[in-house]
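Commentary on secondary and tertiary structure
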Amino acid sequence: MDLLIPDTGLFILQAVAFIILLIVLGKFAWKPILSGLKEREQTIESALLAAEQAKKDMQALQADNEKLLAEARSERDAILKEAMATANSIKEEAKEETSKITAKMLEDAKATIENEKRAALAEVKTQVAALSLDITEKVIRKQLSDKKAQEALVDEYVKDLNLN
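Residues numbered from 1 in each chain as written. Predicted model: local features only at pLDDT ≥ 70, side-chain atom pairs only at ≥ 80, totals over all residues. Heavy atoms only, no water.

1. Examining a nonpolar patch on the surface
- Where nonpolar side chains cluster on the molecular surface, the patch consists of F18, I19, L21, L22, I23, L25, W30, I33, L34 and L37 and spans about 940 Å² of accessible area.
- With respect to the helices, strands and loops of the structure, W30 is situated in helix α1 (residues 8-142). (Patch = residues over 30% accessible without salt bridge, like charges linked within 9 Å, V, L, I, M, F, W, Y side chains within 5 Å. Areas by Shrake-Rupley, 256 points an atom, 1.4 Å probe, with all protein chains shown as cover. Salt bridge = Lys/Arg side-chain N within 4 Å of Asp/Glu carboxyl O. Helix = DSSP H or I, 4+ residues; strand = E, 2+ residues; numbered from the N terminus.)

In structure tokens:
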């Protein structure tokens with residue numbers, strides 16, 4: 001039973017050694033260990049605060065990016081609308097210009113036709129005058145005194161003219 005119950009002297013010696021060990025550890029080991037733990041705790045806390053701040057900054061950046069993206073989209077839409085309006089106005093101007101050119105071409109063609117018509121009429125009048133002079137000359141040559149013969153001759157030449 002001696003083994004189960006320790007000797008009082010040994011117990012006191014072990015208790016004194018334990019207390020000395022606690023004092024030495026408290027003076028030399030626990031203070032640096034506790035200060036290291038406190039320092040580590042502060043580092044972890046500052047890292048957590050920095051991570052939280054970074055998270056807030058990221059959210060702010062993401063919101064700014066979304067805002068910029070929305071602005072860019074609206075600006076793109078405005079530019080597209082303006083481009084479509086410009087394209088439509090250019091189309092309308094081209095149509096108007098084409099219609100003006102077409103109208104001018106039609107007017108020029110009408111004027112050309114009218115000029116050619118006048119020239120043809122003038123030529124016809126010249127030919128009629130020449131034929132009239134020829135008829136008159138022939139009538140005068142044939143007979144100046146007989147009126148019935150002159151009228152018959154003129155009628156004959158007029159019939160010949162109608163046939164040609």
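2. Quick word on the pattern of salt bridges
- As enumerated under the stated definition, the model contains three salt bridges in all.
- Between D108 and K104 there is a salt bridge whose closest N-O contact spans 3.6 Å. Of this pair, D108 and K104 both sit in helix α1, four residues apart, which is roughly one turn of that helix.
- A residue is classified by how much of its surface remains accessible, and D108, at 38% relative accessible area, is partly exposed.
- The salt bridge partner of R118 is E114, with a shortest N-O separation of 3.7 Å. (Buried < 20%, exposed > 50% of the residue type's maximum accessible area, 1.4 Å probe, protein only.)

3. Section: a negative patch on the surface
- A cluster of acidic residues, E92, E93, E96 and E97, forms a negative patch at the surface.
- Mapping E92 onto the fold places it in helix α1.
- Taking the relative accessible area as the measure of exposure, E92 reaches 42% and is therefore partly exposed. (Lys, Arg positive; Asp, Glu negative; His and termini not counted. Charge placed at Lys NZ, Arg CZ, Asp CG, Glu CD.)

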